[in-house]
Amino acid sequence: MSFSKWFSLSSTLYLFMPAALISCNISLSPEELDKTPVNFLDFAKKPEVFDWMVGIRRKIHEDPELCFEEFETSKLIRAELDQMGILYTHPIAGTGVVGYIGTGGPPFVAIRADMDALAVEELVEWEHKSKVPGKMHACGHDAHVAMLLGAAKMLQELHHELQGTVVLVFQPAEEGGGGAKKMLDAGVLKNVEAIFGLHISSSDQIGTVASRPGPVTAGSGIFEAVISGKGGHAAIPQDTIDPILAASNVIVSLQHLVSREADPLDSQVVTITKFQGGGAFNVIPDSVKIGGTFRAFSKESFAQLKQRIEEVITRQACVLRCNATVIFNENENPFYPVTVNNKDLHEHFQKVAGDMLGFRNLKEHLPMMNSEDFSFFAEAIPGYFFFLGMDDKTKGKFVRGHSPYYTVNEDALPYGAALHASLATRYLLEKQPKSTLHKESSHDEL
Ligand SMILES: [Zn+2]
Ligand SMILES: [Zn+2]
């Protein structure tokens, strides 16, 4: 079925499902451009919209699913899109869903949410605690999905006013699986001119956003190595080749890569997170496994680090008569590129978020060594990634992501939904021929 046929079907569905929609008075006329973000925020804060987003987030929170296993989450998203009469494609990259709102024609602009949870046992006692042992939404991706659906609801209200198409990207497997790359390879950004993504942040105040042009999160990769010697009696070391000592030297030498070889002004990380070997007090084992992660902010530094990690492990092991093999296993754990924010989209973001939150609430975000697979999208087309504040001292302490004590301040949901909707609609408006925006132009000249 062609997209235009889909789209007329969407309109038909829309007519038959008015109960799923909540009327709003938001206008997308160029004259009201500055007010649109605030109107979106007011709409997203309406109790019926807010409570609906909170309900979605809690439902997903109770049933967390790991990388590429987001089957129920995907089903829930599709049910909500069906309710709203929004057409979508599925499956993409297994559980991924891509929705379309607008004319079905160009320009196309995308907004994105990730869907996966983490292998963490939730230790927060509350009514909607994870019902799945050993799995938890400890990075806020449940909130990301709720916010993107919130944006979808608002955009669908205005679908007849959109001059172009908003593409809703719900992707699997952000936490190490590189779901964004698989979505990209499936062609979800074909003809899309720009993409926006956000991450909820406990380090920033609610009502504020933080980002920067250029690199915002680091490129990352993981590695594993097996260091093999010759096992034997712990009291007769001369008859053995000790892989524990060799692995210890390897780890110390790896720390010299950043401290002695990297430019101090070019941030890099090498961290060993895994050291497995031996099982008895009196036996030297045959081999030891180590593993870890490395991070950098440029392709050159990343490639250099990767090469030197391999050299240091194999050659340092050799110094103590061991053999070593190093595996980067990119198929299972793809390297994440640096997330680089497009400079023009930064300006766009500043205008839209400034109109919504006030310019004093736009913060500069320093580049961080965390990584994000939004980087795959932002590498392919102009992209922009920002952090959405949720910290509120009056509501307690919000810890950083990946902790079993992680909680989301749900008051942040309307901000995320409204920013998604505003960034996309204003982008489409600004892509219109200047003649239709003459009023805005004359305003600019003043
Ligand atoms: Zn995470
Ligand atoms: Zn995350």
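Residues numbered from 1 in each chain as written. Chains lettered and ligands numbered in written order. Predicted model: local features only at pLDDT ≥ 70, side-chain atom pairs only at ≥ 80, totals over all residues.

An unreviewed UniProt entry lists the chain under the name Peptidase M20 dimerisation domain-containing protein, with Acer saccharum given as the organism.

Participant: Got a minute to help me understand the environment of G150 in this structure?
Facilitator: For G150, the position within the fold is in helix α5 (residues 141-157). A tally of 27 C-beta atoms within 10 Å means that G150 is categorised as buried. Distance in space between the C-alpha atoms of G150 and V54 is 9.9 Å, their sequence separation being 96 residues. For G150, the contacting residues outside a window of four places in its chain are A44, V49, M53, L413 and A417. (Helix = DSSP H or I, 4+ residues; strand = E, 2+ residues; numbered from the N terminus. Buried ≥ 20, exposed ≤ 12 C-beta atoms within 10 Å, placed from the backbone. Contact = placed C-beta atoms within 7 Å.)

Participant: Would you mind showing me how to read the UniProt feature "binding site: Mn(2+)" (unreviewed entry) in the chain here?
Facilitator: The positions that UniProt labels "binding site: Mn(2+)" (unreviewed entry) are, in the present scheme, C139, H141, E175, H199 and H402. With the annotated positions falling across 264 residues, the maximum pairwise C-alpha distance of 13.2 Å places them together in a single cluster. Here C139 shows up in the loop between β3 (108-114) and α5. Classification of C139 by C-beta neighbours within 10 Å gives buried; the count is 23. (UniProt positions renumbered as here; feature names shortened; annotations may be inferred.)

Participant: Just checking my understanding: could you explain the sheet that holds strand β10 (residues 268-276) for this structure?
Facilitator: Think of a sheet as strands paired side by side through backbone hydrogen bonds, with each pair either parallel or antiparallel. One open sheet holds the four strands; their spatial order is β10-β12-β8-β13, and the pairing between them is antiparallel. Either end of the sheet is taken by a strand with one partner, and the two such strands are β10 and β13 (323-327). Between one strand axis and the next, the sheet turns through 20° on average, direction left out of account. Seen against the sheet, helix α7 (residues 243-261) touches β8 (219-228), β10 and β12 (287-296) and runs at an angle of roughly 165° to β10. Taken strand by strand, helix α8 (residues 299-319) contacts β8, β10, β12 and β13, and its axis lies near 155° from that of β13. (Pairing = 2+ DSSP bridges. Axes fitted to C-alpha atoms, helices over the stretch in contact; angles between N-to-C directions.)

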